[in-house]
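Geometric and topological summary
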Amino acid sequence: MSAVRVRFGDRQSSILSRLVVEAPNSRDLLGKLLQALFNLRIQVVSCETHVDAAKWSASLSLVEFDGATIRANRRAEVQAMVFGVLEESLRGRSPALRQRVAELEVASG
């Protein structure tokens, strides 16, 4: 089973915030994630995704809608939203996988 990871990994000198997401492969996960970021008024500047039979990963470069760097309190909000999208996408999957997502959600908060 693939691990679920959601983390920010930036270069300190960059205005862009790099969000890295890894999860079990789920249909339309990217579309749901992009819509949720838009709803939070987060602009996706670039996105690279990789998909195989079991794993989905994305590396997204983000800024606020006004072009500002995403601050620490907003990062926590973005991570919570991503975990929510993952949880919704993984419904109907194994209870152990849903439990792992819930544990990661608590650990990141």
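Scroll up to find the structure.
In this text the structure is predicted, and so the values were computed from the model without any measurement.

The helix and strand inventory of the chain stands at three helices and four strands. Ordered by position in the sequence, the α and β elements of the chain form the string β-β-α-β-β-α-α. Out of the 109 residues in the chain, the part that is buried amounts to 39%. Across the chain, every contact between residues at least 6 apart in sequence was considered, and the portion connecting residues at least 24 apart equals 58%. Carbon and sulfur atoms make up 49% of the accessible area of the chain, which totals about 6400 Å².

Before going further, it helps to examine unusual backbone geometry. The backbone phi angle of arginine 41 is positive, close to 65°, even though this residue is not glycine. Considering the arrangement of structural elements, one finds arginine 41 in the loop between α1 (29-39) and β3 (42-51).

Summarising the sheet, β3 and strand β4 (residues 55-64) pair through nine bridges and their orientation is antiparallel. Counterpart to isoleucine 42 in the pairing with β4 is glutamate 64. With antiparallel pairing between neighbouring strands as the criterion, β3 and β4 make up a hairpin whose turn holds three residues.

Our focus in this paragraph is the packing of aromatic side chains. Going through the model one piece at a time under the given rule, you end up with one aromatic pair. For the cation-ring pair, arginine 75 lies above phenylalanine 8, with the distance from its terminal atom to the ring centre recorded as 4.6 Å.

So, on to the environment of glycine 9. Here glycine 9 is to be found in the loop between β1 (5-8) and β2 (17-24). In the structure, glycine 9 is positioned eleven residues away from valine 20 in sequence and 7.0 Å away in space, judged by C-alpha atoms.

Cut-offs used in this document
- Residues numbered from 1 in each chain as written.
- Predicted model: local features only at pLDDT ≥ 70, side-chain atom pairs only at ≥ 80, totals over all residues.
- Heavy atoms only, no water.
- Helix = DSSP H or I, 4+ residues; strand = E, 2+ residues; numbered from the N terminus.
- Buried < 20%, exposed > 50% of the residue type's maximum accessible area, 1.4 Å probe, protein only.
- Contact = heavy atoms within 4.5 Å.
- Areas by Shrake-Rupley, 256 points an atom, 1.4 Å probe, with all protein chains shown as cover.
- Pairing = 2+ DSSP bridges.
- Phe/Tyr/Trp six-rings, centres within 6.5 Å; stacked < 30°, edge-to-face > 60°.
- Lys NZ or Arg CZ within 6 Å of the ring centre and 35° of its normal.

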